[in-house]
Amino acid sequence: MAFHKPIFVGEVASCTCEIIFSSKQSILVEVVVSSEDFSKGEKKVTNTGWLWYVPMVPDGENKPWKVTQVPPMSIPKEEPALKKYRRAQAKYERRKRVAQNNGEGTADAKETDAAFDAFKSQYAPPSDGRSPADSEQVLCQMVLPGDCGKGGVAFGGFVMKLMDNAAGCSAFRHCRTNVVTVAIADMDFVSWIRLGDLCTIKSKAVFASTKSLEIEVVASAASAILGGEDVIVARGLFTFVSLGSDGKVLPVPALRLENEEDMRNAFLGQQRYEAAKKARAEGK
């Protein structure tokens, strides 16, 4: 999900959606949000993203929902649609490989370890940076009827809003300026949240470039009915930029890494950052 431009008060927003790929049990939807200023006759694209969905049907009282099959999708014949389909198919296959490797991807372990060791040896603590611990935030909220759809399951958008709020708080604590979301990546819903659950959001900075800050966010839920400990329901990476009073992007304070976990998170963040830069340069 990319945030390209802001939507201002008084503008009319519109959203278009198109299914661009489907597997046996999932659907990929391309979403484009635009806004129009009628007083100036200007229209702009503000947000774009690819959102994965799975169809679910009722399955009794003890296990109220189950994933069902997706009707097959015809492969597009026109070049623009076919290109999107192939990109989506490649993305789906990568996600499958990552899942089969317990989230660790398919890179050679020895090469990754060697690169991480080199990253640690080259790291020099900044004199005026802030640590991930300085930006840690915890937000909690009960799930109310207005937050849920059919069957008392919370909307995904409700959870994402809470996660974005927490990420924004972490970004502010690190930058101490106005901050805005520019991208959301690796957003996964691994379970659902039900009506009456206590939703807890934890966030912290994990990587900083000169002009962007990546925040790791984890959402969990605790049920008064089912009992037990918090269960992780969603996780994602939110990227922010720091803005000055003139609306221009400011440099982001450096991240001071204090332990092995900080080092590992920053190393992985740097790899994602460099991969994204390469993809943009190649026009993907």
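Everything numeric in this text was worked out from a predicted model, so none of it was measured.

Asker: Can you help me understand the side chain of Asp262 in this one?
Answerer: If you trace the backbone, Asp262 turns up in helix H4 (residues 260-281). With near-sequence residues (within four places) excluded, Asp262 lies in contact with Pro132, Arg256 and Leu257.

Asker: Teacher, can you tell me more about the layout of surface pockets here?
Answerer: One water molecule sets the probe size; rolling that probe over the atoms shows where empty space is left. The volume enclosed by the second largest pocket comes to roughly 300 Å³. Those elements that place two or more of their residues in the lining of the second largest pocket are strand E3 (27-37), strand E4 (42-53) and helix H3 (156-175). Top contributing element to the lining of the second largest pocket by residue count: H3, with 4 residues. Class assignment of the residues belonging to the lining of the second largest pocket gives a composition of 10 nonpolar, 2 polar and 2 charged.

Asker: Just checking my understanding: could you explain a positive patch on the surface for this structure?
Answerer: A contiguous patch of positive charge on the surface is contributed by Lys83, Arg87, Lys91, Arg94 and Arg97. With respect to the secondary-structure elements, Arg97 resides in helix H1 (residues 79-100). Given a relative accessible area of 38%, Arg97 falls into the partly exposed group.

Asker: Help me understand the pattern of salt bridges, please; the structure alone is not making it clear to me.
Answerer: Between side chains of opposite charge, pairing is possible as soon as their charged atoms come close. What the rule picks out here adds up to 7 salt bridges. One salt bridge in this structure joins Glu30 and Lys84, with 2.6 Å as the shortest N-O distance. Linking Glu30 in strand E3 with Lys84 in helix H1, this pair joins segments that are 54 residues apart in sequence. Under the relative-accessibility criterion, Glu30 is labelled buried at 16%. Taken together, the shared-partner salt bridges in this structure form one network comprising Asp134, Arg256 and Glu258.

Asker: Whenever I open this one, unusual backbone geometry confuses me. Can you help?
Answerer: Among all residues save glycine, negative phi is the norm, and among peptide bonds the norm is trans. A positive phi angle, close to 60°, is found at Arg176, a residue other than glycine. Topologically, Arg176 is positioned in the loop between H3 and strand E8 (178-189). Phi at Asp186 is positive, roughly 50°, even though this residue is not glycine. Position of Asp186 relative to the elements: it lies in strand E8.

Asker: Got a minute to help me understand the side chain of Ser242 in this structure?
Answerer: By the secondary structure assignment, Ser242 is in strand E11 (residues 231-243). Residues in contact with Ser242, not counting those within four places in the same chain, are Cys175, Thr177, Asn178, Val179, Lys248, Val249, Leu250 and Val252.

Asker: Got a minute to help me understand the packing of aromatic side chains in this structure?
Answerer: Any pair of aromatic rings gets described here by the distance separating the centres and the angle formed by the planes. In the structure shown here, the tally under the stated rule is 7 aromatic pairs. With 6.0 Å between their ring centres and 35° between their planes, Trp52 and Tyr92 make a pair best called tilted. Of this pair, Trp52 sits in strand E4 while Tyr92 sits in helix H1, placing them 40 residues apart in sequence. Measuring from centroid to centroid gives 5.4 Å for Phe116 and Phe267, while their planes differ by 50°, and the two rings are tilted. Pair noted here: Phe116 is in helix H2 (residues 109-122) and Phe267 is in helix H4, with a separation of 151 residues, a long-range link. For the pair Phe116 and Phe267, a shared accessibility class is recorded, and that class is buried.

Asker: Got a minute to help me understand the nonpolar core in this structure?
Answerer: Among soluble globular proteins, nonpolar side chains are generally buried collectively. By size, the foremost hydrophobic cluster in this structure holds 35 residues, and its most contacted members are Met163, Ile193, Ile201, Ile215 and Phe238. Counting residues per element, the ones that place at least two in this core are H2, H3, E8, strand E9 (198-208), strand E10 (213-222), E11 and H4. Broken down by element, this core gets its largest block of residues, 8 residues, from H3. Not counting residues within four places of it along the chain, the set of residues in contact with Ile215 comprises Ala167, Ser170, Ala171, Ser203, Lys204, Ala205, Gly236, Leu237, Phe238 and Phe240.

Cut-offs used in this document
- Residues numbered from 1 in each chain as written.
- Predicted model: local features only at pLDDT ≥ 70, side-chain atom pairs only at ≥ 80, totals over all residues.
- Heavy atoms only, no water.
- Helix = DSSP H or I, 4+ residues; strand = E, 2+ residues; numbered from the N terminus.
- Contact = heavy atoms within 4.5 Å.
- 1 Å grid on protein atoms, 1.4 Å probe; cavity = no way out; pocket = protein on both sides within 12 Å on 5 of 7 lines; lining within 4 Å.
- Points joined across faces, edges and corners; volume = space filled by probe spheres on them.
- Nonpolar A, V, L, I, M, F, W, Y, C, P; charged D, E, K, R; others polar.
- Patch = residues over 30% accessible without salt bridge, like charges linked within 9 Å, V, L, I, M, F, W, Y side chains within 5 Å.
- Areas by Shrake-Rupley, 256 points an atom, 1.4 Å probe, with all protein chains shown as cover.
- Salt bridge = Lys/Arg side-chain N within 4 Å of Asp/Glu carboxyl O.
- Lys, Arg positive; Asp, Glu negative; His and termini not counted.
- Charge placed at Lys NZ, Arg CZ, Asp CG, Glu CD.
- Buried < 20%, exposed > 50% of the residue type's maximum accessible area, 1.4 Å probe, protein only.
- Phe/Tyr/Trp six-rings, centres within 6.5 Å; stacked < 30°, edge-to-face > 60°.
- Core = buried A, V, L, I, M, F, W, Y, C linked by side-chain atoms within 4.5 Å.

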